[in-house]
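# Summary of the model geometry
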Amino acid sequence: MLSYRHAFHAGNHADILKHSVLINILESLNTKDKPYTIFETHSGSGVYNLEDERSLKTNEAKQGILSLLPQMDELDFPESLSNYYKITSLYKRHKLYPGSIELERIFTRPDCVHIISELNNSEIETLKQNVSNEPLVIVNTEKKCVKTQVHHRDGFETVLALTPPAIKRGLCLIDPSYEEKDEYKDTGNAVIKIHRKWNVGIIALWYPLLAHRAIEIEQMKNDIVANVKAFNSNTNILDARLCINTADSHIETDLKDNSGPPRLYGSGMLIINFPWKLDEKTQANLDYITKHIYKNEKTSFSIITY
């Protein structure tokens, strides 16, 4: 299925987790004056209008980034959230939210390689248009934007065909929609294959937390961790979760009734070969976020390293 549209969800709690982690990874890659390769398997449209009717319909941005930024205006926050705050604040002034593609373009130097994929026919043209525009800000040392290669193709096929890349340093961000039950197994298998072909690359996998898919989610993660550790027991893996509710908070109701807590009660990032101190930065970030945006007894986070 290809019915998923991220415009309904841009700037929500899952994006806050995913994009704060992504920025810290990109910052780490930029600490060395050497090029790197960035892959993204499920790109979406790259930039999102916060006043789009789809965003307004769900109000997820209002409960997410639009709630977080006013708190950050008033309260001190960890240095590891600084760039996320500055960039999202800038885009907010233009009524926009920067997706992962835009963030990658903001940080990635022109001597690097940026390869992105999007299979959805409804998203690909918007993605190409957004990538053709200069970002509102560029924070890499060259102050120039990387040239992005856009593939209208299955993202896993793209990465598996092009790994290992000529420039071995780098990141693969994987963010499927998980619309079907089989996607969890397929995603786990793809991550394992990518890691075997490119065992030095950072692989960052976003995953949802859904009570009705708890078995599939845990099986996917367990398979990935077991296979990565079997390949090389010294490989570092980070698992970070942000929960804005509990697993039993959602009650199935009529599709027209969206007044209760959503199915997505949280999300996580599973990161293979995570950069030095990313675990500490993510701990500080999530501690701040849970205290200043989702302030209730059901809000929690966890950091696990393998």
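Residues numbered from 1 in each chain as written. Predicted model: local features only at pLDDT ≥ 70, side-chain atom pairs only at ≥ 80, totals over all residues. Heavy atoms only, no water.

With that out of the way, let us pick up the state of the cysteines. One pass over the structure, following the stated rule, counts zero disulfides. Not part of a disulfide, C172 finds its nearest cysteine sulfur in C112, a span of 16 Å. (Disulfide = S-S within 2.5 Å.)

Within the open sheet, the eight strands sit side by side as β5-β4-β1-β6-β7-β9-β8-β10. Their pairing is mixed. The open sheet terminates on both sides in strands that have one partner only, identified here as β5 (148-151) and β10 (300-305). Averaged over all pairs of adjacent strands, the angle between their axes in this sheet comes to 15°, without regard to strand direction. Where strand β1 (residues 37-40) and strand β4 (residues 113-117) come together, four bridges link them in parallel fashion. Following the sheet pairing, T37 is matched in β4 by V113. (Pairing = 2+ DSSP bridges. Helix = DSSP H or I, 4+ residues; strand = E, 2+ residues; numbered from the N terminus. Axes fitted to C-alpha atoms, helices over the stretch in contact; angles between N-to-C directions.)

So, on to the environment of G155. By the secondary structure assignment, G155 is in helix α8 (residues 155-162). Its relative accessible area of 4% is what places G155 among the buried residues. Separated by 21 residues in sequence, G155 and P176 have C-alpha atoms that sit 9.3 Å apart. Ignoring sequence-local partners within four residues, the contact set of G155 consists of T41 and S117. (Buried < 20%, exposed > 50% of the residue type's maximum accessible area, 1.4 Å probe, protein only. Contact = heavy atoms within 4.5 Å.)

Time to look at the pattern of salt bridges. Per the stated rule, a full pass over the model turns up 12 salt bridges. Across the salt bridge formed by K221 and D239, the nearest N and O atoms sit 2.7 Å from each other. In this pair, K221 is assigned in helix α10 (residues 214-231) and D239 in strand β8 (residues 237-243), connecting sequence segments 18 residues apart. Residues K221 and D239 agree in their burial class; the two are buried. Linked through salt bridges whose partners overlap, the residues forming this network are E218, K221, D239 and R241. (Salt bridge = Lys/Arg side-chain N within 4 Å of Asp/Glu carboxyl O.)

Let us look at the environment of Q219. Assignment of secondary structure puts Q219 in helix α10. Separated by 45 residues in sequence, Q219 and I174 place their C-alpha atoms 17 Å apart.

What follows deals with unusual backbone geometry. Of note, the amide linkage connecting T163 to P164 takes the cis form, showing an omega dihedral of -5°. Following the sequence through the fold, P164 ends up in the loop between α8 and β6 (170-174). Residues other than glycine seldom take positive phi values, yet K143 does so here, at roughly 60°. Its place among the elements puts K143 in the loop between α7 (121-132) and β5. Residue K143 is classed as exposed on the basis of its relative accessible area, which comes to 55%.

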